[in-house]
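Notes for the structure review
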Amino acid sequence: MLGLAWTPPMIAFLVISLLILVCAIMAISFRKVIYMALAIGGVFLGCAAVYILLGAEFVGAAQILIYAGAITILIMFAIMLTNHEAEEPPAAWSVRNIAAAVGCVLLGVTLYAVIRSQSWPHGAAGADVNQGQSNPVAVGLALFQHYTVPFELVSLLLIVALVGAVILAQERKEDE
Amino acid sequence: MSPYWNAYLYVVLFTLFGLLLPFAALWIIGPILRPNKPAKGKLTTYESGLEPFGDAHVRYHARYYLFALLFVVFDVETLFLYPWAASFHQLGLFALAEMLLFIVMLAIGLIYAWRKKVLEWT
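Because the structure is predicted, anything quoted here is derived from the model rather than measured. (Residues numbered from 1 in each chain as written. Chains lettered and ligands numbered in written order. Predicted model: local features only at pLDDT ≥ 70, side-chain atom pairs only at ≥ 80, totals over all residues. Heavy atoms only, no water.)

Moving on: helix 1 (residues 8-29) of chain A. Residues and elements named next belong to chain A. Helix length check: helix 1, at 22 residues, gives a terminal C-alpha distance of 32 Å against a target of 32 Å (1.5 Å per residue), a fit within 8%. Along helix 1, the positions that sit buried rather than exposed are Ile16, Ser17, Ile20, Cys23 and Ala27. One face of helix 1 carries all of its buried residues, which in axial projection span an arc of 125 degrees. Opposite the buried face of helix 1, at more than 90 degrees from it, the exposed residues are Leu18, Leu21 and Ile25. If you follow the buried residues of helix 1, they end up packed against helix 2 (33-53). (Helix = DSSP H or I, 4+ residues; strand = E, 2+ residues; numbered from the N terminus. Expected span 1.5 Å × (residues − 1). Buried < 20%, exposed > 50% of the residue type's maximum accessible area, 1.4 Å probe, protein only. Arc of directions from axis to C-beta. Contact = heavy atoms within 4.5 Å.)

This is the structure we're talking about:
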């Protein structure tokens, strides 16, 4: 049916992608920012399920811990710092909306073309993302042997965020 | 592969059960079991025995954001330690140096926040 192999992973993938899409649409159609943040949390959870489905259990667990747990809370805090009581009025149908729709369609077509032009690994040997290791070990080997510089840059990024938050907290302290 | 997938069926079952439980407790089984004698005092929001005032959605102080961000920073650090520890036997001393540099960088951030006295709660 529909040219798909109806295996359990395929059915699981379809259910999960449906959940992700529903949460993503909810995230952009809610009028209250707090509900939007919660819906983004749902998207993160769905992505974690996709990672686990692909055999990357550690990445899935990391996605739940960092994105669904910490980042959603951080977004919530950022929202709570602002005047978030205002509700967004329903936007009228304008030229900008049509331009955005055209842009979305173009982006979708480009992404589809890029994904289709790639040669994806097939079969039992190519499909193993972990190359015979357990997933945390495979992630560790890739991270500390091949992606050393990006890994150290992560610490720099975290420092920058931390310094920004310190300055923000300090400015407010002086206001009192 | 097959028994492995069946293990994830339990995750799905637990998720569904977890979603069902509050609905059942609040709207299905709860109203059958509990007595229903509403009064004005009973219907107010429970706020640890205090009279509730204002709205729950108040603007937070910016200092809470710092603590949330500190949590995220060290959450990420802990997360990177796990694959590092799991693959350490195959990586050797270079990985130790990498991780030490990473931890020292984040420790500098913590010391900076400490020296700026933003961690103190006055």
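More follows now that the structure is in view.
Bringing the packing of aromatic side chains into the picture now. Applying the stated rule across the entire model yields nine aromatic pairs over all chains. Ring centres of Phe58 of chain A and Tyr82 of chain B lie 5.5 Å apart, and the angle between their planes is 20 degrees; on these two criteria the pair is classed as stacked. Note that Phe58 of chain A is positioned in helix 3 (residues 57-81) and Tyr82 of chain B in helix 3 (residues 62-86), a pairing that runs across two chains. Of the aromatic side chains, those joined through ring pairs into one cluster are Phe144 and Phe151 of chain A together with Phe80 and Phe102 of chain B. (Phe/Tyr/Trp six-rings, centres within 6.5 Å; stacked < 30°, edge-to-face > 60°.)

Moving on, we come to the packing of helix 2 of chain A against helix 3 of chain A. Residues and elements named next belong to chain A. With their axes 8 Å apart at the nearest point, helix 2 and helix 3 run at an angle of 170 degrees to one another. Between helix 2 and helix 3, the angle is such that the two are roughly antiparallel. Each residue belonging to the contact of helix 2 with helix 3 can be placed in one class, and the counts come to 19 nonpolar, four polar and one charged. (Axes fitted to C-alpha atoms, helices over the stretch in contact; angles between N-to-C directions. Parallel < 35°, antiparallel > 145°, perpendicular 65-115°, else oblique. Nonpolar A, V, L, I, M, F, W, Y, C, P; charged D, E, K, R; others polar.)

The assigned domain composition of chain A is domain 1 (1-86) and domain 2 (134-176). The C-alpha-based centres of domain 1 of chain A and domain 2 of chain A are spaced at 22 Å. (Domains from an automatic or database assignment.)

Moving on to helix 3 of chain A. Along its 25 residues, helix 3 of chain A runs 34 Å from first to last C-alpha, staying within 8% of the 36 Å computed at 1.5 Å per residue. When the local axis directions of helix 3 of chain A are compared, the greatest deviation, roughly 25 degrees, occurs at Gln63 of chain A. (Bend = angle between axes of the 7 residues up to and from the residue.)

Looking now at unusual backbone geometry. All names here are of chain B. A positive phi angle is found at Lys117, which is not glycine, with a value near 60 degrees. Tracing the chain through its elements places Lys117 in the segment after helix 5 (93-115). Residue class for Lys117 comes out partly exposed when judged on its relative accessible area of 48%.

On to the packing of helix 6 (residues 135-146) of chain A against helix 3 of chain B. Describing two packed helices takes the angle between their axes plus the distance from one axis to the other. At a closest axis distance of 7 Å, the pairing of helix 6 of chain A and helix 3 of chain B adopts a crossing angle of 95 degrees. One way to sum up the angle between helix 6 of chain A and helix 3 of chain B is to call them roughly perpendicular. Contact residues: helix 6 of chain A offers Pro136, Val137, Val139, Gly140, Leu143 and Phe144 of chain A, while helix 3 of chain B offers Phe80, Tyr82, Pro83, Trp84 and Ala86 of chain B.

Next up on the list: the interface of chain B and chain A. Taken together, the 46 residues of chain B in the interface contact 49 residues of chain A. Together, the buried faces of chain B and chain A total about 4600 Å²; carbon and sulfur atoms form 76% of this surface. Here chain B and chain A share zero residue pairs in polar contact (both at pLDDT 80 or more) between them. Residue contributions to the side of chain B that touches chain A peak at 19 residues, all from helix 3 of chain B. Broken down by class, the residue content of the side of chain B that touches chain A amounts to 34 nonpolar, five polar and seven charged. (Buried area = accessible area lost by both parts, 1.4 Å probe. Polar contact = N/O pair within 3.5 Å; in protein donor to acceptor, adjacent residues only side chain to side chain.)

This paragraph deals with the confidence of the model for chain B. All names here are of chain B. Looking at chain B, pLDDT values average 84 and 95% of them are 70 or higher. By mean pLDDT, the top-scoring element of chain B is helix 5 (90), and the lowest-scoring one is helix 2 (residues 40-43) (82). Both scores are available for the predicted complex, with the pTM at 0.78 and the ipTM at 0.74. (pLDDT = per-residue confidence, 0-100.)

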